[in-house]
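One-letter residues, chain by chain:
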Amino acid sequence: MKYLNTFKGTFLRVFAEIKRYYLNTLSSFTIMTIIFYFIVMGINKFGNPATLGDSIQGLAVGYIVWMALVGTMTDLSWTIINDMSIGLIEQSFISPIGPTLIYLFYQFSNFVFVIPLEFLIMIIVFKIAGLSIIVPPIFLISLLLLMIQGYGIGLILAGITLRFKRTQSILSLIQFAIVGVLMGNFDGIWKFLVPANGFIDILGKIINGIGTSVYDWFYMLTSAAIYMIVGVIVFDYFANVVRKRGEIAQY
Amino acid sequence: MGALEVENLKKTYISKGKKVEAVKGISFEVNEGEIFAILGPNGAGKTTTIKSILRLVIPDEGKIYVKGFDISTHKAKALENLSAVLEGNRNIHWKLTVYENLRYFGYIRGFSDKFLKDKIPEILEFIELKDKKNELAGKLSRGMQQKLAIGIALLPETPIILLDEPTLGLDVESSLKIREMLFELKNKGKTILLSTHDMNLVEKVADRVLIINKGKIIVCDRKENLLNAFRKKAYKIVFEGENGKIDLRKYGKFYEEYGEKILEIQLDDISQLYEIMEIFKKEHIEIRHLENVMVNFEEVFVNIVRGDEN
Ligand SMILES: Nc1ncnc2c1ncn2[C@@H]1O[C@H](COP(=O)(O)OP(=O)(O)OP(=O)(O)O)[C@@H](O)[C@H]1O
Ligand SMILES: [Mg+2]
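Residues numbered from 1 in each chain as written. Chains lettered and ligands numbered in written order. Predicted model: local features only at pLDDT ≥ 70, side-chain atom pairs only at ≥ 80, totals over all residues. Heavy atoms only, no water.

**Some points on the coordination of the magnesium ion (ligand 2)**
Surrounding the magnesium ion (ligand 2) are the protein donor atoms B:Thr47 (OG1) and B:Glu87 (OE), at 1.9 to 2.7 Å. Highlighted residues: B:Thr47 in helix H1 (residues 46-53) and B:Glu87 in the loop between strand E6 (82-85) and helix H3 (98-108), separated in sequence by 40 residues. (Donors = N, O, S within 2.8 Å, 3.2 Å for Na, K, Ca; no water. Helix = DSSP H or I, 4+ residues; strand = E, 2+ residues; numbered from the N terminus.)

Here it is as structure tokens:
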């Protein structure tokens, strides 16, 4: 029961923050869409007609995966930076619930708000790309699993932010690093370990009407779960490191 | 059993390769229902001590018991009995309204809607921010923000409240208000531990005082005892007539007021008083009266810390 209350608290906080920043959210969202629109136009104009459909489709999937990851991976770190600078962070540490659970709930709350936004982005991107917006439900489920993995990485980054404080530039770089991770070709164990990369292939397969295998589901479920668990452990670890160093907020 | 027990607390920070011994073995106990003040010059280790009690800092050595719960092994249980307002104008979410702040911090401690619905209006009443409940916390004056921070600390109804420099940066009016609030809280049976540089506040509200310097305890006693100890040693000699060739400034503070001559002296031990009387007798100076000087806590504090430095 008390955990439900904690969740409510983070939920209402996220809601109040979004409400107050909605112009901000809306404008960055619009910019992203416009950029995508121009990329598609560019490909249509200069691309190789033979592979045009494939590349636009690949781009659309890549784009929504990227959009799904940017926020899920970095939102919490920005929140931690904010909380450290205005002193909210100590109150989370003083709560008997503890910072790890509170910020995990913050992630879930963020998730609830981001899901509809992400689906909306997906529809718009598919529309621009000329794809059918009727996507199979397993596509959406895979996308949600990907986002959970993103939140796991988000917890790792938030732990690092808690410890090293000034990670703003790294967080900004993450947006580009994701592109690299998505486009890279990885084999064997790396295919499994490198986040998101495996999801791209599976999502592509679903869009192309090729079904998913048991192995695909095993991969998606375990890699999402592993990143989430590692995220919680890493965050909790750094929460204790800063307690020892006496540097919960900036010292 | 005290409400709070601190045993042999030690903390050395390591920052950029340099070691700072912030707290070097501090022990004290805070009794149920009292206002306990920690004083000390900048860097004495007050904040480190308070943060260790809250487990915001993990000490290198020592034990801390909150209502009997060892915070290193029963953190959640111990924290259920504690709330705090930390240094500076922190502690609140600037982008949330007063009401949203109270609700958010209530929720993250696990409280239900039902509890908060009754409790928040009561808190708003107490901190006198009922009219401001829909204003963004960032837009409030410093004094109001501090009241809100105290309100947030009161919300969970913990028996023990820690306040790190609660009147820092506040104007006279707001400080007075905070002082009143502390009294009311004490009357409600709360145990309060605070750190401060505000000697006025200590003089008015504290029951017991712990003075630390450079991470060590200089003294821990009832405020009255400290004041009395100094009162006994501070004398004011009022006399008339000439003081002849002797230079009284040598013995203490000498001045004239309303035609009376006054010598104020600080004694290390009472025999010094007899020596001075001897001199007066020899010089045939007529003493009108002799009395203990009223000392304020600031003088007590300065003398204790200075004594420790020498
Ligand atoms: N995280 C930290 N890393 C390194 N040194 C620290 C850290 N926190 C505090 N210190 C140092 O430890 C000493 C004690 O600091 P503390 O904040 O406990 O003192 P204080 O009595 O609260 O002082 P003030 O009256 O200025 O608030 C100081 O020398 C301070 O610089
Ligand atoms: Mg301090």
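**Re the sheet that holds strand E11 (residues 234-240) of chain B**
Strands belonging to one sheet form pairs held by backbone hydrogen bonds; the direction of such a pair is parallel or antiparallel. Residues and elements named next belong to chain B. Across the sheet, four strands lie side by side as E12-E13-E11-E14; this open sheet has antiparallel pairing. Pairing within the sheet leaves two strands with one partner each, and these edge strands are strand E12 (253-257) and strand E14 (286-292). With direction set aside, neighbouring strand axes in the sheet form an average angle of 25 degrees. With five bridges connecting them, E12 and strand E13 (residues 260-266) associate as antiparallel partners. The partner of Phe254 across the bridge, within E13, is Leu263. Sitting on the sheet, helix H8 (residues 223-233) is in contact with E11, E13 and E14, with an inclination near 35 degrees to E11. (Pairing = 2+ DSSP bridges. Axes fitted to C-alpha atoms, helices over the stretch in contact; angles between N-to-C directions. Contact = heavy atoms within 4.5 Å.)

**Focus on the nonpolar core**
Counting residues in each nonpolar core, the largest one holds 101 residues, and the members touching the most others are B:Phe28 and B:Leu193. A per-element tally of this core places helix H3 (residues 52-86) of chain A first, with 16 residues. Every residue in contact with B:Phe28, bar those within four places of it in the chain, is listed here: B:Leu4, B:Glu5, B:Val6, B:Phe36, B:Ile38, B:Thr49, B:Ile53, B:Leu193 and B:Leu210. By size, the runner-up hydrophobic cluster in this structure holds 61 residues, among which are B:Ile120, B:Leu226, B:Ile304 and B:Val305. (Core = buried A, V, L, I, M, F, W, Y, C linked by side-chain atoms within 4.5 Å. Buried < 20%, exposed > 50% of the residue type's maximum accessible area, 1.4 Å probe, protein only.)

**Some remarks on the packing of H3(B) against helix H5 (residues 142-154) of chain B**
Helix packing for two helices is described by the angle between their axes and how far apart those axes are. Residues and elements named next belong to chain B. Contact geometry for H3 and H5: axes closest at 9 Å, N-to-C directions at 30 degrees. Taken together, the axes of H3 and H5 lie roughly parallel to each other. For the element pair H3 and H5, the recorded crossing hand is right-handed. Here Val98, Asn101, Leu102 and Phe105 of H3 lie close against H5, whose contacting residues are Leu148, Gly151 and Ile152. (Parallel < 35°, antiparallel > 145°, perpendicular 65-115°, else oblique. Left-handed = near helix turned anticlockwise from the far one by under 90°.)

**What to know about the interface of chain A and chain B**
Between chain A and chain B, the residue contacts involve 33 residues of the former and 35 residues of the latter. Carbon and sulfur atoms make up 57% of the area that chain A and chain B hide from each other, which totals about 3,100 Å². When the area that chain A buries against chain B is broken down by residue, the three leading residues are A:Gln91, A:Ile94 and A:Pro96, summing to 21%. With a closest N to O distance of 2.4 Å, A:Lys8 and B:Asp113 form a salt bridge. Secondary-structure elements contributing two or more residues to the side of chain A that touches chain B are helix H1 (2-20), H3, helix H4 (88-94) and helix H10 (214-245) of chain A. Ranked by residue count, the leading element in the side of chain A that touches chain B is H1(A), at eleven residues. The residue inventory of the side of chain A that touches chain B, partitioned by class, reads 13 nonpolar, eleven polar and nine charged. (Buried area = accessible area lost by both parts, 1.4 Å probe. Salt bridge = Lys/Arg side-chain N within 4 Å of Asp/Glu carboxyl O. Nonpolar A, V, L, I, M, F, W, Y, C, P; charged D, E, K, R; others polar.)

**Some words on the pattern of salt bridges**
Residue and element names in this part refer to chain B. Within this structure, the stated rule accounts for 23 salt bridges over all chains. With its nearest N and O atoms 3.1 Å apart, the salt bridge here joins Lys130 to Glu125. Overlapping salt bridges, with partners in common, bring together Glu128, Lys147, Lys177 and Glu180 in one network.

**Regarding the pairing of E6(B)**
Residues and elements named next belong to chain B. By the alternation rule, side chains of E6 split into Leu82 and Ala84 and Ser83 and Val85, which are all buried. By the bridge criterion, four bridges tie E6 to strand E7 (residues 160-164) in an arrangement that is parallel. Within the sheet, the bridge partner assigned to Val85 lies in E7 and is Leu163.

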